[in-house]
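Below are the chains, spelled out letter by letter.
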Protein chains: 2
Amino acid sequence: MQLSNSSQYAIRILSYMALHKESKLLNATQLAEALQIPYKFLTKIMTEIVKSGLVVSIRGRDGGYKFEKPTSEIMVNEILSIFHDSIPDEQCVLGIGFCNGLCKCALHDQWMEPKHLMQKMFQESSLEDIAGKGCKF
Amino acid sequence: MQLSNSSQYAIRILSYMALHKESKLLNATQLAEALQIPYKFLTKIMTEIVKSGLVVSIRGRDGGYKFEKPTSEIMVNEILSIFHDSIPDEQCVLGIGFCNGLCKCALHDQWMEPKHLMQKMFQESSLEDIAGKGCKF
DNA sequence: TCCAATTACTACTTATAGGTAGAATTATAA
DNA sequence: TTATAATTCTACCTATAAGTAGTAATTGGA
Ligand code: SF4
Ligand code: SF4
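Cut-offs applied
- Residues numbered from 1 in each chain as written.
- Chains lettered and ligands numbered in written order.
- Predicted model: local features only at pLDDT ≥ 70, side-chain atom pairs only at ≥ 80, totals over all residues.
- Heavy atoms only, no water.
- Helix = DSSP H or I, 4+ residues; strand = E, 2+ residues; numbered from the N terminus.
- Buried < 20%, exposed > 50% of the residue type's maximum accessible area, 1.4 Å probe, protein only.
- Contact = heavy atoms within 4.5 Å.
- Areas by Shrake-Rupley, 256 points an atom, 1.4 Å probe, with all protein chains shown as cover.
- Lys, Arg positive; Asp, Glu negative; His and termini not counted.
- Charge placed at Lys NZ, Arg CZ, Asp CG, Glu CD.
- Salt bridge = Lys/Arg side-chain N within 4 Å of Asp/Glu carboxyl O.
- Polar contact = N/O pair within 3.5 Å; in protein donor to acceptor, adjacent residues only side chain to side chain.
- Near = heavy atom within 4 Å.
- Nonpolar A, V, L, I, M, F, W, Y, C, P; charged D, E, K, R; others polar.

## Thoughts on the overall build of chain A
Counting its regular elements, chain A contains six helices and two strands. When the helices and strands of chain A are read in sequence order from the N terminus, they spell out α-α-α-β-β-α-α-α. In terms of overall dimensions, chain A has C-alpha extents of about 60 × 30 × 25 Å along its principal axes. Each of the 137 residues in chain A was classed as buried or not, and the buried ones make up 46%. For chain A, the share of sequence-separated contacts (at least 6 apart) that also reach a separation of at least 24 residues comes to 66%. Surface accessibility of chain A: about 7200 Å² in total, with carbon and sulfur atoms responsible for 49%. Taking the 15 positively charged and 15 negatively charged side chains of chain A as two groups, their mean positions are separated by 7 Å.

This is how it looks when you write it as structure tokens:
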């Protein structure tokens, strides 16, 4: 019942980038250092994020990563889906079957509520939101 | 964001047993057949459950498994904790840190609500509840 | 006593997530 | 043009979950 390491790292990386968006480009070395994430693993994750289109990379000397669109338009859920970690509507907490509304177990209705809250939380929180509010990490 | 296979199987096995508690003992072959769980994996899981004390096993001919205490007193959360799948209070959805109430991120408060609902769901649902209500599976 | 039916134990295999190493590619600045 | 600093690619390693195989231990009954 927890997000994968990759998703967790991705959220930390991108919210750090959102918080430091005044510096046009941030490179992997800086990010790995600031966030204490293994450099090699960070670059692996960043490559996936770049492929997804959320971030663009500039290669070569003085290269780095930057956002393509405003951080207010990037939702946490988009990050999670890169790593297959977003919560699909048909996901069952017990993993027994798929919800079809016809046949449901005793926990089904109780599961709907926290599921919807989490989906809403991920879908409606932008990078700007999470980078701008609360503690900075 | 999903329970482990072992937890899912365990819930299915035990709720099936709760539903068939009139038959004093149920053996691994019957359970594996009825629930379509690989026999060898089922026995592995059952051995862990027996060790936890939720269920007692009778070895030898005509042996099998049965509950030690009433199914109304066995909570889903007890099953999950055998497989380290229950949700601890300090669990963070982002995995960034541990909640201490002093420093929290933008998602912390939004995460508390679904977390508490899930904890409550697991802690307050007994095997009798989930076996007796809703679809039988 | 001996057989058959049962769970328990030990060890292995497979699949996946997490993480690391090194070379290839790209682009800038000097 | 060339050295250098950066991302990207390919391949590997490690840890853990998931699943399988074979055997030992236990029990009841013929
Ligand atoms: S009814 Fe219960 S078992 Fe079926 S999909 Fe919903 S939560 Fe899962
Ligand atoms: S404040 Fe945010 S990052 Fe920290 S433990 Fe709570 S949910 Fe996790």
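## Brief notes about the side chain of Arg12 of chain B
Residue and element names in this part refer to chain B. Assignment of secondary structure puts Arg12 in helix H1 (residues 5-19). The side chain of Arg12 is buried and forms no salt bridge, while Glu33, the nearest opposite charge, is found at 11 Å. Reaching out from Arg12, the side chain makes a polar contact with the backbone oxygen of Leu35 at a distance of 2.6 Å.

## Observations regarding the interface of chain A and chain B
Facing 34 residues of chain A, the contacting portion of chain B comprises 34 residues. Linking chain A to chain B there are zero salt bridges. Ranked by residues supplied to the side of chain A that touches chain B, first place goes to helix H5 (residues 108-124) of chain A with eight residues.

## Here's the deal with the protein's contact with DNA strand C
Taken together, 26 residues lie around DNA strand C, and Pro38, Lys40 and Lys44 of chain A together with Ala28 and Ser57 of chain B are the ones closest in. Within 4 Å of the protein, the contacting atoms of DNA strand C are drawn from sugar and phosphate to the extent of 67%. Lys40 of chain A places a side-chain nitrogen or oxygen 2.6 Å from a base oxygen of DNA strand C. For the surface near DNA strand C, the elements supplying multiple residues, two or more each, are helix H1 (5-19) and helix H3 (39-52) of chain A together with helix H3 (39-52), strand E1 (55-58) and strand E2 (64-67) of chain B. In terms of residue count, the dominant contributor to the surface near DNA strand C is H3 of chain B (four residues). When grouped by side-chain class, the residues that make up the surface near DNA strand C number eight nonpolar, 10 polar and eight charged.

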